[in-house]
Each structure stands twice: as C-alpha cells, then as structure tokens.
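So the chains spell out like this:
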Amino acid sequence: MAASHSNTPAETAVSPAWHWLSLALIAQLGWGAYPVLLRYLQTVSLLPSLSLLAVGNFLVLLLVLAVRWRQVEWPIFRLPLLWLFGGLVVLRGITNLLATRYTLAIYAQLIYLMTPFIVALLSRLVLHEQLPRHTFKALTLCLVGALLLMAGNFGAVGSGTAVSRNDLLGISLALASCLFLALYMLVTRRTAQHQASGDSLLIVHLTSLFLFSGGASLVVGETWQPWTQLGPLDWFVFGLFALGVLLGANLGQIRSIQKLGAPLVSSMMATRLVSALLFGAFLLNERLSSGWQLLGAAIVFVTLTWYLRQR
C-alpha cells in the first residue's frame, strides 16, 4: 500500500504533461494537413474556393457559439485592434486558400514554415526587439532544404487534379500569406494587453472569414452546385478540414499553449512538414521521389526544430 501511495504523485505529475504534449502534437499535425485538404477540396472535389471557406468557418462558428456563448466577453468586440486582427485573418485566409489552389500543398507548407523567421525579423524592425540568436543561420539552412525539396520531381502530381498548376503564382500567394500570418501573430500579442480572451479571438477569426468569403462568393457569382455532387471521400475530407482542423486543431493549439506555453508548442511546428508529406502522398500523390528531396525535408525539419527550441 505504501509503495502505491508513493508512486501516485509522480504519476500525476507526469501524466498531464504527456496529455498536453500529445494534444499539441496532434494540433500541429492537423495544421500540417491543412494545405493538403484545401488543395484536395478545390482541385479534386472542385468546390468553389470562397464557398469552401465560408461553409467551413460557418459550421465551426455555430459549434463554438453553441458551446461557449455564456463565456464570451461581448464588450471586447468594440476594440478596434480586434477588428484589425480580423482583417489580417481574412488576408491570411484568402491568400492561403488561393496558394493551395495553384501550387503543391508541400510547397505552400514549406513557405508557411518560414513564418517564425519573418516574425523575428518584423519584431526587430517594428518593435525593435532583439533578434534571436542563430536566426540567419537557421533561415539559410531552411532555405537550402526548401530548394532541395522544390528542385526534385514530384512525378505526375497534377494528374489527379482538374486545376492546372501555376507554381510561381501559388508560391507568391503563399509568401504573402506567410507575411500576413506574421503580422497576425504580432497583433495577437498586442490583444493580450487588452485582456482579449482566446474565445473572443477565435470568434472574430471565424466570423471575419465567414462574412468576407460568403459575401465575396455571392458577389463573384460562384456556383454552389458542386456541393450537391460530393462523394463519401469528399465529405470525409471536408469533415477533416472543418471539424478536424478549423475546430479541433485550432482549439487543441490554444489549449496546449495555455498549459505548456507558446515556446514549447511552437518547437513542434516542424512536424507540420511530416503531416503535409503523409497526407499529400495519400490524397494528392505528392510524394518525395529522390534522396535529395528527403535530405531537404530532413534539413528543414531538424533546423526549424532546433531554432525554435533555442528560443
């Protein structure tokens, strides 16, 4: 009996840590799959881009409001900074959506993994914060790894999609999306000074994307007929996109950051590359085809993990 009682404190100390670490890892893997799911739904399921964003965010918004209505601090929505946050969410969401329409999901994910470096550089330029150690070394190594990945042949990737690739346009949109995400992160830090809760930010995030994409879809005259022609696999992928990523990965990341802190959670960000490769191979036939590409992926993974752990 004494032995069992002496083990209990250690077990209770370790178990919660592994619980939140597992949740953080699952959330990162979910966000890694996000560009793949977006590309599949646009280029294989042929869902109109704006309506896809509107329906996905509206569904999650309804679920969040149903569960968290009483906990929302509604007066905070009068804060102008919160709607600047919403504007950046829209710019990030639209450029992200279009980037995955025109280029490979793995290319888009590679660009997004450069966000920590852009945040560091913007913090230095705008907020005059000290640049983290080894930033330029890590950025150079990641760019070398990215070039090795992009230089290889992904085979007949486009054969399974009905939308032709335009890598230059897609990568340019991914770079713009990465910049908007970095600005979004800086503004998010400022909202903490006004005690804006995670629930409030999530609702602004979902509402902004739903209102803009839904309105824009109606203005440009997108046809919603493809929604009536989806097969079981299409609905499954949409479920992963809406419930798995927009809801599950979003909440999982927020909760794990609250429990473990942003530095530890962000140190797992490189696992998004692994997730993008796995989902891309299964859904879009985007897979590594050479040892150089494998080396490039390893360089990006190891360098980014090391850099974020140093911070």
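Residues numbered from 1 in each chain as written. Predicted model: local features only at pLDDT ≥ 70, side-chain atom pairs only at ≥ 80, totals over all residues. Heavy atoms only, no water.

1. As for the overall build of the protein
Phase 1: Per the secondary structure count, the protein includes 12 helices and 0 strands.
Phase 2: Along the protein, from the amino end to the carboxyl end, the secondary structure elements read α-α-α-α-α-α-α-α-α-α-α-α.
Phase 3: Within the protein, buried positions represent 48% of all 311 residues.
Phase 4: For the protein, contacts bridging at least 24 residues in sequence account for 90% of all contacts bridging at least 6. (Helix = DSSP H or I, 4+ residues; strand = E, 2+ residues; numbered from the N terminus. Buried < 20%, exposed > 50% of the residue type's maximum accessible area, 1.4 Å probe, protein only. Contact = heavy atoms within 4.5 Å.)

2. Quick look at a nonpolar patch on the surface
Phase 1: On the surface, V274, L278, F279, F301 and V302 cluster together into a nonpolar patch covering about 420 Å² of accessible area.
Phase 2: Breaking the nonpolar patch down by element, the ones donating at least two residues are α11 (271–284) and α12 (291–310).
Phase 3: Tallying contributions element by element places α11 first for the nonpolar patch, with 3 residues.
Phase 4: Looking at where L278 falls in the secondary structure, it is placed in helix α11. (Patch = residues over 30% accessible without salt bridge, like charges linked within 9 Å, V, L, I, M, F, W, Y side chains within 5 Å. Areas by Shrake-Rupley, 256 points an atom, 1.4 Å probe, with all protein chains shown as cover. Salt bridge = Lys/Arg side-chain N within 4 Å of Asp/Glu carboxyl O.)

3. Remarks on the packing of helix α3 (residues 80–102) against helix α7 (residues 167–191)
Phase 1: Viewed as axis vectors pointing N to C, α3 and α7 meet at an angle of 160°, and their least axial separation amounts to 8 Å. Between α3 and α7, the interaxial angle falls into the category roughly antiparallel. Classified by chirality, the crossing of α7 by α3 is left-handed.
Phase 2: Across the contact of α3 with α7, the residue classes break down as 19 nonpolar, 6 polar and 3 charged. (Axes fitted to C-alpha atoms, helices over the stretch in contact; angles between N-to-C directions. Parallel < 35°, antiparallel > 145°, perpendicular 65-115°, else oblique. Left-handed = near helix turned anticlockwise from the far one by under 90°. Nonpolar A, V, L, I, M, F, W, Y, C, P; charged D, E, K, R; others polar.)

4. Describing the nonpolar core
Phase 1: The biggest cluster of nonpolar side chains holds 74 residues, and the ones touching the most others in it are Y34, L41, L52, L82, F117, F241 and L273.
Phase 2: Within the second largest apolar cluster, 7 residues are counted, among which are A99, I111, Y112 and C178. (Core = buried A, V, L, I, M, F, W, Y, C linked by side-chain atoms within 4.5 Å.)

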